[in-house]
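Understanding the architecture of this molecule
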Amino acid sequence: MKVFVSGSISIKSLPIIAIQKLDGIMKSNLTVILGDANGTDFLVQDYLYNHHYENVRVYYAGNSIRNNVGKWMTLNVPSMGLKGREKFTLKDIKMAEDSDYGLMIWDGVSKGTKRNIDEMLSLKKHFYVVMNNLLLTDKDFFTESKEKVLQNELFAI
């Protein structure tokens, strides 16, 4: 089973709930697929590396990888001539397609992480969203609470 881990670049430390979820992923020996960005991607890579976790694949777009802390296997997603955010979106879509489940660590603002949540919803895949000390599931994004979540009414940033 593969878990797509994604999150906001603005996040500077992993929330306790995210750490607990990562510990469960490692205990179950699930394959972690994640990107190469700074912020959450780097923090998760660093956490997995410091716990000597090997079952990781790092996806990247473009000609060079930005972060691969554990020197894990990589997958280059062709950028098809796109630049900036568009090429990274292609990478994120590929990770969502390749995954069985998701773990999104979201600041409640990041459009990239929100797009990943929407992609997982469109693929009808189960996922968790960690926002500070709040844990949501994909089901929360199908209910009336979705609008409250997206308007930051369920949590304080």
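Residues numbered from 1 in each chain as written. Predicted model: local features only at pLDDT ≥ 70, side-chain atom pairs only at ≥ 80, totals over all residues. Heavy atoms only, no water.

A closer look at the overall build of the protein chain
Across its full length, the protein chain holds five helices and seven strands. If you list the helices and strands of the protein chain from N to C, you get β-α-β-α-β-β-α-β-α-β-β-α. Within the protein chain, the fraction of its 157 residues that count as buried is 48%. Sequence-distant contacts, at least 24 apart, represent 61% of the contacts inside the protein chain between residues at least 6 apart. When the accessible surface of the protein chain is totalled, it reaches about 8300 Å², and 53% of it is carbon and sulfur. (Helix = DSSP H or I, 4+ residues; strand = E, 2+ residues; numbered from the N terminus. Buried < 20%, exposed > 50% of the residue type's maximum accessible area, 1.4 Å probe, protein only. Contact = heavy atoms within 4.5 Å. Areas by Shrake-Rupley, 256 points an atom, 1.4 Å probe, with all protein chains shown as cover.)

Things to note about the packing of helix α3 (residues 84-98) against helix α4 (residues 111-122)
Contact pair α3 / α4: the axes reach a minimum separation of 10 Å and the direction vectors enclose 35°. Judged by the sense of rotation from one axis to the other, the crossing of α3 with α4 is right-handed. Taken together, the residues of α4 that come into contact with α3 (itself represented by R85, T89, D92, I93 and A96) are G112, R115, N116, E119 and M120. For the contact of α3 with α4, the residue count by class is three nonpolar, three polar and four charged. (Axes fitted to C-alpha atoms, helices over the stretch in contact; angles between N-to-C directions. Left-handed = near helix turned anticlockwise from the far one by under 90°. Nonpolar A, V, L, I, M, F, W, Y, C, P; charged D, E, K, R; others polar.)

Section: helix α1 (residues 16-27)
With twelve residues, α1 should reach 16 Å at 1.5 Å per residue; the first-to-last C-alpha distance of 16 Å fits that figure. For α1, the full list of buried residues reads I17, A18, L22, I25 and M26. Of the residues flanking the end of α1, it is N29, one or two places downstream, whose phi is positive at about 55°. (Expected span 1.5 Å × (residues − 1).)

Considerations on the nonpolar core
Soluble globular proteins tend to bury their nonpolar side chains together. In this structure, V5, L22, V32, V44, L48, V56 and L103 are the most contacted members of the largest nonpolar core, which totals 22 residues. At the level of elements, β1 (2-7), α1, β2 (31-34), α2 (40-50), β3 (56-61) and β5 (101-105) are the ones that each hand at least two residues to this core. The residues touching V44, leaving out its near neighbours within four places in the chain, are V5, L14, L22, L34 and I105. Ranked by size, the runner-up nonpolar core spans 16 residues in total, among them A96, M104, M120 and M131. (Core = buried A, V, L, I, M, F, W, Y, C linked by side-chain atoms within 4.5 Å.)

Some words on the sheet that holds β3
What the seven strands build is an open sheet, ordered β4-β3-β2-β1-β5-β6-β7; its pairing is mixed. For this open sheet the edge positions go to β4 (73-77) and β7 (134-137), each flanked by a neighbour on one side alone. Within this sheet the neighbouring strands show an average axis-to-axis angle of 20°, counted without direction. Strand direction decides the pairing type here: β5 and strand β6 (residues 126-131), joined by five bridges, are parallel. Directly across from I105, in β6, lies its bridge partner V130. In the packing of α1 onto the sheet, contacts are made with β1, β2, β5, β6 and β7, and the angle to β5 comes to roughly 155°. (Pairing = 2+ DSSP bridges.)

So far we have only geometry, and geometry alone does not tell us how the molecule works.
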